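# Observations on the model geometry
Residues per chain, in single letters:
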Amino acid sequence: MLPVAPPASRPTPPGRLVVLVSGEGTNLQALIDAGQDPGYGATVVAVGADRDNIKALDRAARVGIPTFTTKVKDFAAREDWDRALTVATEEHQPDLIVCAGFMKLLGKAFLGAFGGRCLNTHPALLPSFPGMHGVREALEYGVKVTGCTVFIVDAGVDAGPVVAQAAVPVHDTDDEQALHERIKVAERVLLVDTVGRMAREGWSVMSSRKVRIGS
Ligand code: GRF
């Protein structure tokens, strides 16, 4: 008689996600929730931050996801911080890194290790309104439609290849906060959908910088 294999424990999900955060963590929460479904294809294995005492770290701790914090001010030079963040992230052997409201630019060491598989989400339709104040600048410009963009991080500021976008109409009554909250609703859906598809189907970046999910 052939030996009976032990019952399969929870299969290792193919997509190990490390999520980098700086604030509230609603995008992180959406990824954590999505990962509860084994069919999603990706699961958050660790959360990294550049500061303490943020809601995003509480969200991870609440469900037992390991966290690490690497603060710029603890290092003599920005490059040292970048190297430390790279090492801390590498420990969790990610397939994909997701910057979800992470308010720091990643440096050479990090992009050397994870370039091409590090995503970011931005609350505007890139290449319009890159940078820290994309929502405010879109509003001030007077656009009627803005939105959110998931893109692959490169050395520029919100400049990498676009993976997915969703449009959000601007209302006459919007202030920055109201508009950002509405964008974040669309952003969470877009991020969860995009990360899941990338984990399940793979992706490639064409020389023309067009990203294709699947084969
Ligand atoms: C998102 O809109 C992200 O694009 C921007 O900051 C927000 C983070 O939200 N950079 P949260 O921390 O995921 O709730």
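Two elements in contact, helix α5 (residues 134-141) and helix α6 (residues 176-201), have axes whose closest approach is 9 Å; the angle formed by their N-to-C orientations is 115 degrees. Two packed elements cross with a definite hand, and for α5 against α6 that hand is right-handed. From α5, V135, R136 and L139 reach across to α6, where they touch E176, L179, H180 and I183. Residue composition of the contact of α5 with α6, by class: four nonpolar, one polar and two charged.

Our focus in this paragraph is the sheet that holds strand β1 (residues 15-21). The mixed open sheet is built from seven strands, whose spatial order is β3-β2-β1-β4-β5-β6-β7. Each end of this open sheet is capped by a strand with a single partner; those strands are β3 (67-69) and β7 (162-169). Neighbour-to-neighbour, the strand axes of the sheet open up by a mean angle of 20 degrees, direction not taken into account. Bridge count between strand β2 (residues 42-49) and β3: three bridges; the pairing is parallel. Within β3, the position partnered with G48 by the bridge is F68.

Burial within strand β6 (residues 145-152) is extensive, with seven of its eight residues counted as buried. When strand β5 (residues 118-122) meets β6, the two strands line up antiparallel, connected through four bridges. Bridge pairing in β6 places H122 opposite T149. Sheet analysis places β6 next to β7, joined by seven bridges and oriented antiparallel. Opposite T149, over in β7, you have Q165 as the bridge partner.

Here the focus is helix α3 (residues 78-90). Relative to the 18 Å expected for 13 residues at 1.5 Å per residue, α3 spans 18 Å between its end C-alpha atoms, a close match to the ideal helical length. Inspection of α3 places W81, D82, L85, T86, A88 and T89 among the buried residues, and these make up the whole buried set. Mapping the buried residues of α3 onto a view down its axis gives an arc of 165 degrees, with all of them on the same face. Summarising the contacts, the buried residues of α3 are in contact with β1, β3, β4 (96-99) and α4 (108-114).

The next thing to look at is the pattern of salt bridges. Two side chains that carry opposite charge are able to pair once their charged atoms sit near each other. Going through the model one piece at a time under the given rule, you end up with nine salt bridges. Across the salt bridge formed by K71 and D52, the nearest N and O atoms sit 2.5 Å from each other. Taken together, the positions of K71 in the loop between β3 and α3 and D52 in the loop between β2 and α2 (55-62) put the pair 19 residues apart, joining distant regions of the chain. The exposure class assigned to K71 is buried, which follows from its relative accessible area of 19%. The exposure class assigned to D52 is partly exposed, which follows from its relative accessible area of 36%. Measuring nitrogen to oxygen at the nearest pair gives 3.1 Å for the salt bridge that ties R136 to E176. One end of the pair, R136, is in helix α5; the other, E176, is in helix α6, with 40 residues separating them in the sequence.

The next point concerns the confidence of the model for the chain. Low pLDDT marks regions whose predicted coordinates should not be analysed in detail. For the chain, per-residue confidence averages 93 on the pLDDT scale, and 93% of positions sit at 70 or higher. This model gives residues 1-12 a pLDDT under 50, and the stretch forms two contacts once residues within four places in sequence are excluded.

What follows covers the site of the ligand. For the ligand, the full set of nearby residues is E24, G25, T26, N27, G101, T121, H122, P123, H180, K184 and E187. E24 places a polar main-chain atom, nitrogen or oxygen, 3.4 Å from an oxygen atom of the ligand. Taking T121, its main chain carries an N or O atom lying 3.2 Å from an oxygen atom of the ligand. When the ligand sits alone it has 370 Å² of accessible area, and the protein chains cover 88% of it.

What follows covers the environment of S208. Position of S208 relative to the elements: it lies in the loop between β8 (203-205) and β9 (211-213). Residue classification places S208 among the partly exposed residues on the basis of a relative accessible area of 43%. Expressed as a C-alpha distance, the spacing of S208 and P161, which sit 47 residues apart in the sequence, is 9.2 Å.

Each value, and the rule that gives it
- Sequence order sets the numbering: in each chain, residues are counted from 1 along the sequence as written.
- Residues qualify for local features only when their pLDDT is at least 70, as the model is predicted, and side-chain atom pairs are given and counted only at 80 or more; totals for whole chains, interfaces and linings, by contrast, use all residues.
- Where side-chain values are given, they derive from all heavy atoms of the structure, hydrogens and water being excluded.
- Here an angle of 0 to 180 degrees is reported between the N-to-C directions of two axes, which are lines fitted to C-alpha atoms, with helices fitted over the stretch in contact.
- Helical segments are the DSSP runs of H or I of at least four residues, strand segments are the runs of E of at least two, and each set is numbered from the N terminus.
- Handedness of a crossing follows from how the near helix is turned relative to the far one, being left-handed for an anticlockwise turn of less than a right angle and right-handed for a clockwise one.
- For this analysis, residues touch if any pair of their heavy atoms sits within 4.5 Å.
- Residues were grouped as follows: Ala, Val, Leu, Ile, Met, Phe, Trp, Tyr, Cys and Pro as nonpolar; Asp, Glu, Lys and Arg as charged; and all remaining residues, including Gly, as polar.
- When DSSP finds two or more bridges between a pair of strands, those strands are recorded as paired.
- Only protein chains enter the calculation, and the probe is 1.4 Å; a residue is then buried if its accessible area is under 20% of its type maximum, exposed if over 50%, and partly exposed in between.
- Helix span is expected to be 1.5 Å times the residue number reduced by one.
- Think of the arc as the fan of directions from the helix axis to the C-beta atoms.
- The working definition used for a salt bridge is a side-chain nitrogen of Lys or Arg within 4 Å of a carboxyl oxygen of Asp or Glu.
- What pLDDT reports is the predictor's confidence in each residue, on a scale of 0 through 100.
- Proximity criterion: a residue is near a molecule or strand once any of its heavy atoms comes within 4 Å of it.
- Residues adjacent in sequence count toward polar contacts only when both atoms are side-chain atoms; beyond that, a polar contact is any pair of N or O atoms within 3.5 Å, and within protein one must be able to donate a hydrogen and the other to accept it.
- Using the Shrake-Rupley algorithm and a 1.4 Å probe, accessible areas are obtained, with residue cover drawn only from the displayed protein chains.

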